[in-house]
Amino acid sequence: MGASRRMKRLYHQAQIASEDSSQLQLGDVLVEGDRIIGVAPTISGVSDCEVIDCQGRILMPAMFDIHVHAREPGHEDKENIGSCAEAAINGGVTGFVMMANTSPTIDNAGVVRTVLESARRARIGSSIYVAGAITKGRKGEELAGIAGMKSAGAVMLSDNGHAVDNPQVLRRAMEYAKHFDMPIASHCEIKDLSGKGCMHEGKVSYALGLPGMPSISEEIGISRDVRLAEYTGVHLNIQHVTTAEGMSTIKRAKDRGIRVTCEITPQHLIFNQEHIGNYDTNYKMNPPLRTAEDNAALLNGLKDGWFDVIVTDHSPHTPFEKNQDFASAPFGITGLETALPSLFHHFVSKGILDWGLIVKRYSAEPRRMMKLAPVPVKEGGLAEFIVFNPERSMTFTQDFMKSKSINTPFIDQTLKGMVERVIYRGEELLVR
Amino acid sequence: MTPRKDLLDIASLTDEEIEFVLANAGPFKDLFKRTVKKVPTLKGKSVLTLFYEPSTRTRSSFEVAASRLSADVIGFDIESSSVVKGESVLDTVETLESMKVDYIIVRHKKSGTPNLIAQNTRASVINAGDGWHAHPTQALLDAFTLREKFKDLRGARVLIVGDIQHSRVARSTSLILRRLGMNVAYLSPGSMMPREIPQEIAQFGNWDDALAWRPDVVYLLRVQSERMDEPFFPSAAEYHRNYGLTDARVDIIRERGLWLMHPGPVNRGVEITDRGMNYEKSLINQQVENGIAVRMSVLYWLKPGAEG
């Protein structure tokens, strides 16, 4: 290993992406050990060097996903940290924050330590982080061991999957968490309004005869949490925004200087209620797929900079669980392996989004939000990047997937673009 | 006409298929006047009724229809079966698949369950009502019943009254009647009107406005108290006064000569009164009789093992 690690690698004539520019920069990238030791239009005369032809390929900082369900401990039939890490690598993601809705819940220092210990065995182990629950057992009643989790390594707090229903409990949590300098990530939903809903309330829920989750359930949740953030001064991160109105609320809050950030998922940009078709549970998620108008508004919001980060909300479920009637199947879809190709296929390849935006929103900003250093492709920087080939295409078969689960709308779809190489701290974790 | 395996909803049917089923229901109905009402059409075939929700009328209607076609009829008794012990729908279907039944008639409280079953069996699946989604044989029998009364359904007006939100009958019947050229309106308490309905369907919140729309047919829905876990209206009495067919409203529809329909079973004193039940232009009993003929026609039409 030593020999190959020491050997230099020259990524030759790549189109280099950076968060600072919508344009790609043609150049060579020289890597030695875990570092980038040179970036220039051309680098020549390097001895003892493996040359990797990157012509026509995009070379960009590796992705980082702050919203992932690794399912360990407790739901290892769906996923474990190891399989989740491999899925991440497969999609060009070299670090993530895993959510607390495990069994037991990640709501105290002991569980945080256990999870992080298990994570260290993964190939990107040092870049797997943990979000602790806001309340014990995510029940929305008593505060979880916030200080203890922070000292054990938790980087964020979230009751992910449901809101803290009682606003007084959330207020206290925000006030308390503020001094531990961790963002509170909110799943915004007024549960009494969503009721037994299993998809967006609208014309498709009417046609399919399914109970609906109205947009106002999410929107009122966002309004409430934004006001609480303003009142308490905590950094609030609104998870997976899905409606145009919810986005406007956040935009107004940002304009007023409230410490609020927010997430957008590829699925809520690409799909809407119409895609559910014949009760396809691979399109069932919470918050649900909304309308085509929301797709368009959210996409504009992303372009205009209203979304801080792109996340997948990677949520593995077994075929047995998903192969039920729509209302009974669990919410959630996987995403780590398909996020980047789907963004490329639907938006970047059509000139709707540029690579600079992808780097900013899916690599740099997520790391900053977790108080980590971004990994720009620059001399002296950490060699943590991917090589993406826009000319090849990829069919997302069950065999391709490294996740234990295949509950994704993209299953068996062919998308333009392919993650060809993933370099993590100088090491090539994936080559194809 | 491409052979079809399943009848899951109205939306997926072609005009030709709707026409085929309605046209053949007539000759089947003619059989009922004979002393021997049975034909050998499905001799040697087996029809299984899989009802996850209690139903006497629909289930019996299918059983009579299948018997009159000489099929062997098997009732899969959910109450005393492994389903109660937690077996999943698909595990049950796998068992049925091994039994090689030809038709499965399914009712389930969760929308889309018949679709799921249909994807996992070679047998023809007939949806006998799923959640709030669809009740296609009810829709077909309603269309058949109205075609007996109207020379041309095009332009005629039907007012569907009641709990639209939780009604598979409203969804399927409104769809087929619109396909046949009728105009459809919904009259419902605001709390039971779905948020977004097709814009071709007129919406009313009270009887005066709805009657001013000049309907030809009033179609009452059953107040499905068993499907409600939230308060949608204050009391049965208030529902009756504001949305029910009161005696006074019976007099109005009699005066105007409107047809009256109801999918049954009725809640007397809630959506309808005794006087309404005795109304001479009520089609309720004809709906029941036609239900058997239409279901025979459906069984005759579907082809077990056909693609999709």
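Structure first, text after, so check above.
Criteria and thresholds
Residues numbered from 1 in each chain as written. Chains lettered and ligands numbered in written order. Predicted model: local features only at pLDDT ≥ 70, side-chain atom pairs only at ≥ 80, totals over all residues. Heavy atoms only, no water. Helix = DSSP H or I, 4+ residues; strand = E, 2+ residues; numbered from the N terminus. Buried < 20%, exposed > 50% of the residue type's maximum accessible area, 1.4 Å probe, protein only. Contact = heavy atoms within 4.5 Å. Areas by Shrake-Rupley, 256 points an atom, 1.4 Å probe, with all protein chains shown as cover. Lys, Arg positive; Asp, Glu negative; His and termini not counted. Charge placed at Lys NZ, Arg CZ, Asp CG, Glu CD. Rg over C-alpha atoms; globule rule 2.2 N^0.38 Å. Pairing = 2+ DSSP bridges. Core = buried A, V, L, I, M, F, W, Y, C linked by side-chain atoms within 4.5 Å. Buried area = accessible area lost by both parts, 1.4 Å probe. Salt bridge = Lys/Arg side-chain N within 4 Å of Asp/Glu carboxyl O. Axes fitted to C-alpha atoms, helices over the stretch in contact; angles between N-to-C directions. Phe/Tyr/Trp six-rings, centres within 6.5 Å; stacked < 30°, edge-to-face > 60°. Lys NZ or Arg CZ within 6 Å of the ring centre and 35° of its normal. Expected span 1.5 Å × (residues − 1). Polar contact = N/O pair within 3.5 Å; in protein donor to acceptor, adjacent residues only side chain to side chain. Parallel < 35°, antiparallel > 145°, perpendicular 65-115°, else oblique. Left-handed = near helix turned anticlockwise from the far one by under 90°. Nonpolar A, V, L, I, M, F, W, Y, C, P; charged D, E, K, R; others polar.

A. Main features of the overall build of chain B. Broken down by element type, chain B carries eleven helices and nine strands. With 308 residues in all, chain B has 58% of them scored as buried. Within chain B, contacts between residues separated by at least 24 positions form 74% of all contacts whose residues are at least 6 apart in sequence. Within the structure as shown, chain B displays about 13,100 Å² of accessible surface, and the carbon and sulfur contribution to it stands at 47%. Taken together, the 40 basic and 39 acidic charged side chains of chain B have centroids lying 5 Å from each other.

B. Quick peek at the overall build of chain A. When its secondary structure is counted, chain A shows 14 helices and 18 strands. For 432 residues, the compact-globule formula gives about 22 Å, and the C-alpha radius of gyration of chain A, at 21 Å, lands near that figure. For chain A, the proportion of its 432 residues judged to be buried stands at 62%. When contacts within chain A are restricted to residue pairs at least 6 apart in sequence, those whose partners lie at least 24 apart make up 74%. Carbon together with sulfur atoms contributes 48% to the accessible area of chain A, which is approximately 15,400 Å² in total. Each charge sign in chain A was given a centre, from 47 positive and 52 negative side chains, and these centres are 3 Å apart.

C. Up close: the pairing of strand β2 (residues 72–76) of chain B. Pairing analysis gives five bridges linking strand β1 (residues 46–51) of chain B to β2 of chain B, with the strands arranged parallel. Paired with V47 of chain B across the strands is V73 of chain B, a residue of β2 of chain B.

D. Focus on the nonpolar core. The biggest cluster of nonpolar side chains holds 107 residues, and the ones touching the most others in it are M60, F96, I238, W355 and I358 of chain A. W355 of chain A has contacts with A17, L24, I58, M60, L340, F344, V348 and F388 of chain A, leaving out every residue within four places of it along the chain. With 61 residues, the next largest nonpolar core counts F51, A65, F150 and M193 of chain B among its residues.

E. Broad picture of the interface of chain A and chain B. Listed per partner, the contact involves 19 residues of chain A and 21 residues of chain B. For the pairing of chain A and chain B, the buried interface totals around 1,600 Å² over both sides, and the portion due to carbon and sulfur atoms is 52%. Three residues, Y206, Y279 and D325 of chain A, lead the burial of chain A against chain B; their summed loss comes to 39% of the area buried on that side. Viewed at the interface, chain B and chain A are joined by zero salt bridges.

F. Examining the sheet that holds strand β15 (residues 309–310) of chain A more closely. Residues and elements named next belong to chain A. Read from one edge to the other, the open sheet built from eight strands follows the order β6-β7-β8-β9-β10-β13-β14-β15, with strand pairing classed as parallel. The open sheet has two edge strands, β6 (63–68) and β15, and neither has a second partner. Bridge count between β6 and strand β7 (residues 93–98): three bridges; the pairing is parallel. Bridged to M63 within β7 is V93. Set on the sheet, helix α3 (residues 109–119) makes contact with β7 and β8 (128–132); between it and β8 the angle comes to about 160°.

G. Spatial organisation of the packing of aromatic side chains. Per the stated rule, a full pass over the model turns up 14 aromatic pairs over all chains. Aromatic side chains F396 of chain A and F400 of chain A sit 5.2 Å apart centroid to centroid with 90° between the ring planes, which places their arrangement in the edge-to-face category. Using a relative accessible area of 10% as the deciding quantity, one classes F400 of chain A as buried. The residue whose ring lies beneath R68 of chain B is F32 of chain B, and the NZ or CZ to ring-centre distance is 4.5 Å. Lying over the aromatic face of F62 of chain B, R295 of chain B brings its terminal NZ or CZ to 4.8 Å of the ring centre.

H. Expanded view of helix α6 (residues 168–179) of chain B. All names here are of chain B. With twelve residues, α6 should cover 16 Å at 1.5 Å per step; its first-to-last C-alpha distance of 17 Å lies within 8% of that length. The element α6 is extensively covered by neighbouring structure, given that nine of its twelve residues are classed as buried. R168, V169, A170, R171, S172, T173, S174, I176 and L177 are the residues of α6 that are buried. Measuring from the backbone nitrogen of V169 back to the side-chain oxygen at the start of α6 gives 3.2 Å, which picks out S167 as the cap. Once α6 finishes, G181 follows within two positions and takes phi at roughly 95°, a positive value.

I. Main features of the packing of helix α8 (residues 215–232) of chain A against helix α9 (residues 244–255) of chain A. All names here are of chain A. Axis separation between α8 and α9 bottoms out at 8 Å; the angle between their running directions is 15°. Classified by the angle their axes make, α8 and α9 are roughly parallel. The hand of the α8/α9 crossing is right-handed. On α9, the residues touching E219, I222, S223 and V226 of α8 are E245, G246, T249, I250 and A253. Its residues assigned to classes, the contact of α8 with α9 comprises four nonpolar, three polar and two charged.

J. Summary view of the packing of helix α1 (residues 15–31) of chain B against helix α5 (residues 136–149) of chain B. Residues and elements named next belong to chain B. Remark: α1 packs on α5, axes separated minimally by 10 Å, with the N-to-C direction vectors making an angle of 70°. With respect to α5, the element α1 is oriented roughly perpendicular. Here the hand of the crossing between α1 and α5 comes out right-handed. The segment α1 lies against α5, with E19, V21, L22, A25, G26 and K29 engaging L140, A143, F144, R147 and E148. Classifying every residue of the contact of α1 with α5 gives six nonpolar, one polar and four charged.

K. Quick look at unusual backbone geometry. With an omega of 5°, the peptide bond between S103 of chain A and P104 of chain A qualifies as cis. Inspection of the secondary structure puts P104 of chain A in the loop between β7 and α3. Residue N286 of chain A is joined to P287 of chain A through a cis peptide bond whose omega torsion reads 0°. By the secondary structure assignment, P287 of chain A is in the loop between α10 (266–270) and α11 (292–303). Positive phi is not limited to glycine here, since D313 of chain A has a value of about 55°. Of note, D313 of chain A is situated in the loop between β15 and α12 (319–322). Residue D313 of chain A is classed as buried on the basis of its relative accessible area, which comes to 12%. One non-glycine residue, S70 of chain B, adopts positive backbone phi at about 70°. Position of S70 of chain B relative to the elements: it lies in the loop between α2 (57–68) and β2.

L. Spotlight on the side chain of R295 of chain B. Residue and element names in this part refer to chain B. Looking at the secondary structure, you find R295 in helix α11 (residues 284–301). Of the side chains with opposite charge, D142 comes closest to the buried, unpaired R295, at an N-O distance of 8.2 Å. Those residues in contact with R295 that lie beyond four places of it in its chain are T58, S61, F62, A65, H135, T137, Q138 and L141.

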